[in-house]
Amino acid sequence: MNSLNTPYVNTIPADREPPYPGDRDIERRIKSYIRWNAIAMVVSANRDHHGIGGHISTYASAATLYEVGFNHFFRGNDMVFIQGHATPGIYARAFLEGRLTEQHLANFRRELAEGGGLSSYPHPYLMPEFWQFPTVSMGLGPILSIYQARFNRYLKARGFLTGDEPKVWAFVGDGEVDEPETLGATTLASREELDNLIWVVNCNLQRLDGPVRGNGKIIQELEAAFRGAGWNVIKVIWGQEWDPLLAADTHGLLRRRMEESVDGDYQKYVVEPGSYTRRHFFGKYPELYDMVNHLTDDQVRRLGRGGHDPQKVYAAYQAAVAHKGQPTVILAKTVKGYGLGEAGEGRNITHQQKKLNEKELREFRARFGVPVSDEIIAETPFYRPPEDSAETKYLIEHRRALGGFLPARKVNAPKLSAPEMSAELFKGSNNLEMSTTMAFVRLLSQLLRDTQIGKRIVPIIPDEARTFGMDALFRDYGIYACKGQLYEPVDRASLLYYREMKDGQILEEGITEAGAMSSWIAAATAYASHGAPMIPFYIYYSMFGLQRVGDLFWLAGDIRARGFLCGATAGRTTLNGEGLQHQDGHSLLLASAIPTLLAYEPAFGYEIAVIIREGMRRMFENGEDIFYYIALHNENYPMPAMPDGVEEGILKGLYKFRKCSGDARANILGSGPILREALRAQEILAERYGVGVNVWSVTNYKQLRTDALACRRWNMLHPTEPPRRSYLETVLEKETGPFIAVSDNIKTVPDQIAPWIPGGLTTLGTDGFGRSDTRPVLRRFFEVDAECVVIATLGALDKKLAAQAIQDLGVDPEKPFPQVV
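From a predicted model like this one, the values you see are computed outputs, not experimental measurements.

Trainee: I would appreciate a short explanation of the overall build of the protein in the present structure.
Mentor: On a plain count of helices and strands, the protein comes out with 32 helices and 20 strands. Rg of the C-alpha trace for the protein: 31 Å, near the compact-globule value of 28 Å for 821 residues, within the 12% margin. Principal axes of the C-alpha set define a box for the protein whose edges measure 105 × 75 × 55 Å. The buried share of the protein, reckoned over its 821 residues, is 61%. Sequence separation of at least 24 residues holds for 78% of the intrachain contacts in the protein that already meet a minimum separation of 6. Total accessible area on the protein is roughly 32,100 Å²; 49% of this is exposed by carbon and sulfur atoms.

In structure tokens form, the structure reads like this:
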């Protein structure tokens, strides 16, 4: 035990526990029925799936933790992050409440079954009226809960959240703490004094394969970690059966033995008879052995863990709710698979257990008093007491008193009208050079000043505002800080000083992409969580988005997030000085895997304005559950005015930007800053080789591919109907000559549309690791400069002319292949 640890006993002594307010007998029966239905559901579903342990054993260990909360603490507006593998128990409770039917339970893990089914884990995308938070990707629920609690405080400080503040409850597994995201943001919670946050760590001491800390004590380890991080820690280790023994422990020998035993020992005591525990735990010291002489072996075996004792759990929850000034963590010791007996209670094989045999079902029924007859018990039928039963009335009345059923996701947010964009955004820059990042910041500044939606904009930055030219926002809108600014910043005399405010609008998250993305998700779901639509813009180094925290991007789709993700400094050669770890050429490909994410790479300021205006209309006016990724760049060049009639093409992914003066013999597709290399190639081809080409701006390869796939699928399934044609096929059907695509991304990004390009597609891209050098040198190295575009175009038209161009343009044909150098 180190200096941050307290003894290995309950934090709240027995004589200081408040009286339990509920009907213990009714609650015990309710919990038994929930357990039974959870088992019936999982046994039915697990014929061809993961074993019973992954689902039922987790809930079985945490049943009391949840039921005390549902019956006495979780208010209707509270936010409860439910441990992913506990879903069967949550569904079983909803069944008793009348919110789910037997058909639903029978179709657990069969979502495509007739009549609908239930998702394996909490997925708002799949069950949008039931689940609020996806949690089964380990570590994401905990970090999301911290930033959700902080964002609730942000909303409160800015006047969007009034009335009773919701509590944020997060149920976490002890094995889950090994994920870096789980504990990585715990100091933020204490620094922000988030006493609206309560974690319940289900310490059943067991992972899938074996003990979490077989040679140590996970509860003591976590206590030290949380105390060091500034949390209020409440330990719930021993059930009330231990209270008389602890009271009689006047010499501290029992406490000493509790400290000596490691978690591997405690797991062994669960699976062995009481005689084993008597001999090996109490028998180490004669005085301890004598202390339990009055207990039978069965009574010794039933000396319970605190997490299964409603009285102990209630006392902990009551203390947590009342605590002020700190977040609270409750470390509750439980048994994995509690109640499953030999079928999996406390055993390493629990996770793979497929079903219970009839003997095990009978034992469970007898132990928990489930009224299922012998004739049908082998069928594992569902059981729900009548509507007028004491149990059903108790459930409903308690939830009504607390404000409604949970979990539940209710979308009741006002619509926001997309603002009219300033005409200046479409007129170009009049030869003033700027990057697309600068163009975006100008647009963002205008949105922040908008009288209707400006206050709902949430700029989120991970310590790069000055890099992106956003420091001008500091003074005008302030950086949110729960304590305001208690010091005078070193740059106070400057115009762009670092200004923190209690009601600041900017979320400056520091160097934590996972934290910033968690804040963005909280803001992007405020329309559902609070009925208060917010419009988040998260601006970050593009390489540290999808690549670094891609799991959170995927979760954003699941949770039906709405907002904008802006990957600044994108492009493998455009971010020219940073090198291998920073130069991003594949985020657009990673984005293509997320169904509800629209991924754009604009080249010009007017394209950004069109995209964001349409995004706001679709998400906040029409209520579509989509979100946007926009690649932004840091290369400065003049921004042209928007040509007439190109808005549809910008949004659908492709439009002709510059037509050649005569007949076109080829077409070049360009994206982002590399579109300018395509334009320079157009000039070289015309002036030096007499070849006319059209240049197209491609803003969204993913959108083009999705539309083309949808048409191909429809045609396959309707073979006798007139075939449909995609936007891409329609726009290109009259174009002649070869097509060359060039971008600052890996070739797979443009290759997404290759099957629908007439005559095929030649692709140039930046496959390979990035380098630090000048842009011209990098673009020659990766073969995406204008000269290489010329060679690729001529190579598709005239091989001899292409060979001549290689000499004329000074391109080394024996240069290394950049993908493998």
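So, next bit.
Trainee: Which parts of the structure should I look at to understand the pattern of salt bridges?
Mentor: Evaluated as defined, the whole model comprises 50 salt bridges. Note that Arg680 is salt-bridged to Glu677, the shortest N-O span being 3.0 Å. Of this pair, Arg680 and Glu677 both sit in helix 26 (residues 675-689), 3 residues apart, roughly one helical turn. Overall, the relative accessible area of 10% leaves Glu677 in the buried class.

Trainee: Even after reading the chapter, I still don't get the sheet that holds strand 7 (residues 457-461), so can you show me in this structure?
Mentor: Pairing between sheet strands relies on hydrogen bonds along the backbone, with the strands arranged either parallel or antiparallel. Spatially, the 6 strands line up as an open sheet ordered 10-7-11-12-14-13, and their pairing is parallel. Strand pairing shows two members of the sheet lacking a second neighbour, strand 10 (507-508) and strand 13 (597-600), which therefore form its edges. Direction of pairing for strand 12 (residues 564-568) relative to strand 14 (residues 627-631): parallel, over a ladder of 4 bridges. Bridging from a neighbouring strand, Cys566 pairs with Ile630 of strand 14. Packed onto the sheet, helix 22 (residues 546-558) meets strand 11 (535-541), strand 12 and strand 14 and runs at close to 155° relative to strand 14.

Trainee: Looking at this structure, how should I read the sheet that holds strand 3 (residues 197-203)?
Mentor: Read across the sheet, 5 strands follow the order 1-2-3-5-4 without closing on themselves; strand pairing throughout is parallel. The outermost strands of the open sheet, each flanked by one partner alone, are strand 1 (79-81) and strand 4 (232-236). Along the sheet, successive strands turn relative to each other by an average axial angle of 15°, direction set aside. Pairing geometry for strand 4 and strand 5 (residues 328-333), over 5 bridges, is parallel. Considered in strand 5, the bridge of Lys235 is made with Leu331.

Trainee: How should I be thinking about the packing of aromatic side chains in this particular structure?
Mentor: Where two aromatic rings form a pair, the distance of their centres and the angle of their planes describe that pair. Overall, the coordinates contain 49 aromatic pairs when judged by the stated rule. With a centroid separation of 5.9 Å and 65° between ring planes, the pair formed by Tyr91 and Phe108 is classed as edge-to-face. Of this pair, Tyr91 sits in helix 3 (residues 87-96) while Phe108 sits in the loop between helix 4 (102-106) and helix 5 (140-157); the two residues are 17 residues apart in sequence, bridging distant segments of the chain. Each member of the pair, Tyr91 together with Phe108, is buried. Measuring from centroid to centroid gives 5.5 Å for Tyr91 and Trp131, while their planes differ by 65°, and the two rings are edge-to-face. With Tyr91 in helix 3 and Trp131 in the loop between helix 4 and helix 5, this pair connects stretches of sequence that are 40 residues apart. A single burial state applies to Tyr91 and to Trp131, both of which are buried. Ring pairing ties together the aromatic residues Tyr20, Tyr59, Tyr66, Phe70, Phe73, Phe74, Trp169, Phe171, Tyr314 and Tyr317, which thus form one cluster. Cation over ring: Arg24 sits above Tyr20, and NZ or CZ is 5.3 Å from the ring centre. Over the ring of Phe544 we find Arg548, and its NZ or CZ is 5.6 Å from the ring centre.

Trainee: Whenever I open this one, the packing of helix 1 (residues 24-45) against helix 16 (residues 358-368) confuses me. Can you help?
Mentor: In helix packing, the relevant descriptors are the interaxial angle and the interaxial distance, both defined with respect to the helix axes. Interaxial distance between helix 1 and helix 16 falls to 10 Å at its minimum, and their mutual angle equals 165°. Taken together, the axes of helix 1 and helix 16 lie roughly antiparallel to each other. The element helix 1 and its partner helix 16 pack so that their crossing is left-handed. Contacts from Arg28, Ser32, Arg35, Trp36 and Ile39 of helix 1 reach helix 16 at Leu361, Phe364, Arg365 and Phe368. Considered class by class, the residues forming the contact of helix 1 with helix 16 number 5 nonpolar, 1 polar and 3 charged.

Trainee: I keep staring at the packing of helix 5 against helix 20 (residues 513-524) and nothing clicks. Help me out?
Mentor: Packing of helix 5 against helix 20 leaves a shortest axis separation of 8 Å and a crossing angle of 60°. Here helix 5 lies oblique to helix 20, going by the angle between them. As for the relative orientation of helix 5 and helix 20, their crossing is right-handed in sense. On helix 20, the residues that touch Ile143, Leu144, Tyr147, Gln148, Arg150 and Phe151 of helix 5 are Ala514, Gly515, Ser518, Ser519, Ile521, Ala522 and Ala523. Looking at the contact of helix 5 with helix 20 residue by residue, the classes come out as 8 nonpolar, 4 polar and 1 charged.

Trainee: Please explain the pairing of strand 4 as it appears in this structure.
Mentor: Walk down a regular strand and you will see the side chains alternate between the two sheet faces. By the criterion of burial, strand 4 is predominantly enclosed, with 5 of the 5 residues buried. Because side chains alternate across strand 4, one face comprises the buried residues Asn232, Ile234 and Val236, and the other comprises Val233 and Lys235, equally buried.

Trainee: Is there a simple way to explain helix 5 in this structure?
Mentor: Each full turn of the α-helix corresponds to 3.6 residues, which orients residues three or four apart in the same direction. With 18 residues, helix 5 should reach 26 Å at 1.5 Å per residue; the first-to-last C-alpha distance of 26 Å fits that figure. With 16 of 18 residues buried, helix 5 is to be regarded as a mostly interior element. Residue Gly159 follows helix 5 closely and has a positive phi angle near 85°.

Trainee: Is there a simple way to explain the layout of surface pockets in this structure?
Mentor: Using a probe with the size of a water molecule, rolled over the atoms, empty space left in the structure can be pinpointed. Empty space within the largest pocket amounts to approximately 950 Å³. Forming the walls of the largest pocket are 37 residues, and the residues nearest its centre are Glu241, Arg302, Gly304, His308 and Tyr338. No other element matches helix 1, which puts 7 residues into the lining of the largest pocket. Tallied by class, the residues present in the lining of the largest pocket amount to 13 nonpolar, 8 polar and 16 charged.

Parameters at a glance
Residues numbered from 1 in each chain as written. Predicted model: local features only at pLDDT ≥ 70, side-chain atom pairs only at ≥ 80, totals over all residues. Heavy atoms only, no water. Helix = DSSP H or I, 4+ residues; strand = E, 2+ residues; numbered from the N terminus. Rg over C-alpha atoms; globule rule 2.2 N^0.38 Å. Buried < 20%, exposed > 50% of the residue type's maximum accessible area, 1.4 Å probe, protein only. Contact = heavy atoms within 4.5 Å. Areas by Shrake-Rupley, 256 points an atom, 1.4 Å probe, with all protein chains shown as cover. Salt bridge = Lys/Arg side-chain N within 4 Å of Asp/Glu carboxyl O. Pairing = 2+ DSSP bridges. Axes fitted to C-alpha atoms, helices over the stretch in contact; angles between N-to-C directions. Phe/Tyr/Trp six-rings, centres within 6.5 Å; stacked < 30°, edge-to-face > 60°. Lys NZ or Arg CZ within 6 Å of the ring centre and 35° of its normal. Parallel < 35°, antiparallel > 145°, perpendicular 65-115°, else oblique. Left-handed = near helix turned anticlockwise from the far one by under 90°. Nonpolar A, V, L, I, M, F, W, Y, C, P; charged D, E, K, R; others polar. Expected span 1.5 Å × (residues − 1). 1 Å grid on protein atoms, 1.4 Å probe; cavity = no way out; pocket = protein on both sides within 12 Å on 5 of 7 lines; lining within 4 Å. Points joined across faces, edges and corners; volume = space filled by probe spheres on them.

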